[in-house]
Amino acid sequence: YRLAPLIERLRRALGVDRSRSVAIVGAGRIGRALMAYPRFGQRGFRIVAVFDVDDDIVGRTLDGHVVQSLNAVQDVVEAEVIELGIIAVPEAEADMVAAKLIDAGIEGLLNFAPCHLDVDVPVVDVDLSSSLEELAWAMAASVG
């Protein structure tokens, strides 16, 4: 078999055959960790915008990204042709942030807020406590 054409077809079918622009909303601890995560770039995901509502953070440069006001999301998403959004805000703000991102044209969301978002775009919820439960189960299963 010729592997290179097969790999390219699989990448295209999975939607990972090109670079994608990403915006992060929430420049707190989780948002900052995500800004610094090197594998995004290695996998073709470019963080091109970071937003927050905290006036003490807006305008600061964090990990090479100037934090912008969430009020600018519409203009920035359109100008940068951002496809994906990462939500790293408290649960109380998650629905509002998701709505703003979707209204601006975001096509998919990675949600770190501890809640489920009921929206009309694909969402992947990241629940770190579920991951720890899975790990604990795997450890218990390996013992018995």
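Predicted, not measured: the structure shown is a model, and the values here were computed from it.

**Student:** Pulling in residues and values, what's your account of the nonpolar core?
**Tutor:** It is characteristic of soluble globular proteins that their nonpolar side chains tend to be buried jointly. Ranked by size, the top nonpolar core spans 22 residues in total, and within it F51, I87, L101 and L109 carry the most contacts. Every element with two or more residues in this core is listed here: β1 (20-25), β2 (45-52), α4 (73-80) and α5 (91-104). With five residues, the single largest contributor to this core is α5. For L109, the contacting residues outside a window of four places in its chain are G85, I87, A98, L101, I102, L117, V119, V121, P122, V123 and V124. Counting residues in hydrophobic clusters, the runner-up holds 13 residues, among them I24, I57, L62 and I86.

**Student:** Give me the lowdown on the packing of aromatic side chains, citing residues and values where you can.
**Tutor:** Any two aromatic rings considered together are summarised by their centre-to-centre distance and by the angle between their planes. Taken as a whole and judged by the stated rule, the model has one aromatic pair. Ring geometry for Y37 versus F40: centroids 5.0 Å apart, planes at 75°, classification edge-to-face. Residue Y37 is classed as partly exposed on the basis of its relative accessible area of 39%.

**Student:** Could you give me a rundown of the sheet that holds strand β4 (residues 65-69), with the residues and numbers involved?
**Tutor:** Sheet architecture is open: seven strands sit in the order β3-β4-β2-β1-β5-β6-β7, paired in mixed fashion. Each of the sheet's edge strands pairs with one partner strand only, and the pair in question is β3 (61-62) and β7 (123-125). The pairing of strand β6 (residues 108-111) with β7 spans three bridges and is parallel. Looking at β7, one finds that N111 is bridged to D125. Running over the sheet, α5 touches β1, β5 (84-87) and β6 and is turned about 165° from β5.

Scoring rules and cut-offs
- Residues numbered from 1 in each chain as written.
- Predicted model: local features only at pLDDT ≥ 70, side-chain atom pairs only at ≥ 80, totals over all residues.
- Heavy atoms only, no water.
- Core = buried A, V, L, I, M, F, W, Y, C linked by side-chain atoms within 4.5 Å.
- Buried < 20%, exposed > 50% of the residue type's maximum accessible area, 1.4 Å probe, protein only.
- Helix = DSSP H or I, 4+ residues; strand = E, 2+ residues; numbered from the N terminus.
- Contact = heavy atoms within 4.5 Å.
- Phe/Tyr/Trp six-rings, centres within 6.5 Å; stacked < 30°, edge-to-face > 60°.
- Pairing = 2+ DSSP bridges.
- Axes fitted to C-alpha atoms, helices over the stretch in contact; angles between N-to-C directions.

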